Amino acid sequence: MTQDEMKQAVAQAAIEYVEAGTIVGVGTGSTANFFIDELAKIKHKIEGTVASSEASAERLKGHGIEVFDLNSVSEIAVYVDGADESNKYLHLIKGGGGALTREKIVAAASKKFVCIADESKLVDVMGKFPLPVEVIPMARSLVAREIIKQVGGEPVLREGFTTDNGNIILDIHNLEIMEPTKIEQILTNITGVVTNGLFAIKPANVLLLGTQDGVKTIT
Ligand code: 5RP
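A brief look at the structure comes next. (Residues numbered from 1 in each chain as written. Predicted model: local features only at pLDDT ≥ 70, side-chain atom pairs only at ≥ 80, totals over all residues. Heavy atoms only, no water.)

Regarding helix 5 (residues 140-150)
What counts is decided by this rule: A simple rule labels every residue: compare its accessible area, found with a 1.4 Å probe on the protein chains alone, to the largest value its type can have, and call it buried under 20%, exposed over 50%, or partly exposed in between. Helical segments are the DSSP runs of H or I of at least four residues, strand segments are the runs of E of at least two, and each set is numbered from the N terminus. Directions pointing from the helix axis toward each C-beta atom define the arc.
Among the residues of helix 5, those classed as buried are Val-143, Ala-144, Glu-146 and Ile-147. Seen along its axis, helix 5 keeps its buried residues to an arc of 165 degrees; they face one direction. Exposed side chains of helix 5 directed beyond 90 degrees from the buried face belong to Arg-145 and Lys-149. Immediately beyond the C-terminal end of helix 5, within one or two residues, lies Gly-152, with a positive phi of roughly 85 degrees.

Here's the deal with the site of the ligand
Rules: Throughout, the term near means that a residue has one or more heavy atoms lying within 4 Å of the molecule or strand in question. Whenever a nitrogen or oxygen atom comes within 3.5 Å of another N or O atom, the pair is scored as a polar contact, on the condition that within protein one atom can donate a hydrogen and the other can accept it, and that pairs from neighbouring residues in sequence are kept only if both atoms are in side chains. The Shrake-Rupley method, run with a 1.4 Å probe sphere, supplies the accessible areas, and residue values consider only the shown protein chains as cover. Polarity classes work like this: nonpolar for Ala, Val, Leu, Ile, Met, Phe, Trp, Tyr, Cys and Pro, charged for Asp, Glu, Lys and Arg, and polar for all others, with Gly in that last group.
In the vicinity of the ligand, 17 residues are found, and the nearest of them are Ser-30, Thr-31, Asp-84, Gly-95 and Lys-121. Here an oxygen atom of the ligand sits 2.5 Å away from a polar atom, N or O, in the side chain of Ser-30. Taking Gly-98, its main chain carries an N or O atom lying 3.4 Å from an oxygen atom of the ligand. In isolation the ligand has 370 Å² of accessible area, and contact with the protein removes 90% of it. For the shell around the ligand, the class distribution of residues is two nonpolar, nine polar and six charged.

Regarding the packing of aromatic side chains
Aromatic rings in a pair are described by how distant their centres are and how their planes are angled relative to each other. For clarity, the threshold we go by: Each Phe, Tyr or Trp ring (for Trp, its six-membered ring) is paired with any other whose centre lies within 6.5 Å, and the angle between the two planes then decides the class: stacked below 30 degrees, edge-to-face above 60, tilted in between. Placement of a charge over a ring requires the Lys NZ or Arg CZ to be within 6 Å of the ring centre, with the centre-to-atom vector within 35 degrees of the ring normal.
Tallying each qualifying case throughout the model produces two aromatic pairs. With centroids separated by 5.0 Å and ring planes inclined at 55 degrees, the aromatic side chains of Tyr-79 and Phe-113 adopt a geometry described as tilted. Highlighted residues: Tyr-79 in strand 3 (residues 76-81) and Phe-113 in strand 6 (residues 110-118), separated in sequence by 34 residues. Per residue, the accessibility class of Tyr-79 equals that of Phe-113, and both read buried. Considering the side-chain rings of Phe-113 and Phe-199, the 6.3 Å spacing of their centres and the 65 degrees angle between planes classify their relative orientation as edge-to-face. With a gap of 86 residues between them, Phe-113 in strand 6 and Phe-199 in strand 11 (residues 198-199) connect regions that are remote in the sequence. For the pair Phe-113 and Phe-199, one class covers both residues: buried. Aromatic ring contacts, followed pair by pair, group Tyr-79, Phe-113 and Phe-199 into a single cluster. Sitting over the ring of Phe-199, Lys-94 keeps its end group 5.8 Å from the ring centre. Here Arg-158 stacks its cationic end above the ring of Phe-161, 5.2 Å away from the centre of that ring.

Right, here's the structure in full:
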């Protein structure tokens, strides 16, 4: 199975978690795109979606799927999204596509978070994938200095990239994340940080992992 076939398989498996008549939270990235394409096949069964990025909203609308503003929605039954890394506790690194803030918001508003990923994303210790941090532009240097002081690693500006919220991303390289919840909390508390890409304080509820032996469900 290729990596794309594994992504497609987990996207199909995630449809099982979509309940008729509910609103579905939709993530961002190549795996989430496979899910959007699967969701299109059952679009008449759901009430609509809330998207975690402009890109996903466009893809959903392209399929004729209704996209609601989060503020007009009282409950999201399930949030389905990919990840850049996951450990066995379903702590995640997200934000490779730069959508981490809206992803964390939609995940927080959802009753259940189903993460979909191919097997390359499952790691013992997170941090090989540079940890994204969304930052208010004027605080870039301050935040970079505080990151080095408080958690270590090497924050690197994601060149030529602006988030959907008009902010910048610092990717923290060379950070071995032994205590994900602690690092998430410390980064959250740095003034000028909007969001960091660790989803550990509120991890995923289910990980659907695409492997050569089929889709594995980890809870
Ligand atoms: C975007 C994300 C994505 O979920 C993450 O980057 C995984 O992407 P892909 O499915 O393309 O590997 O967090 O901000």
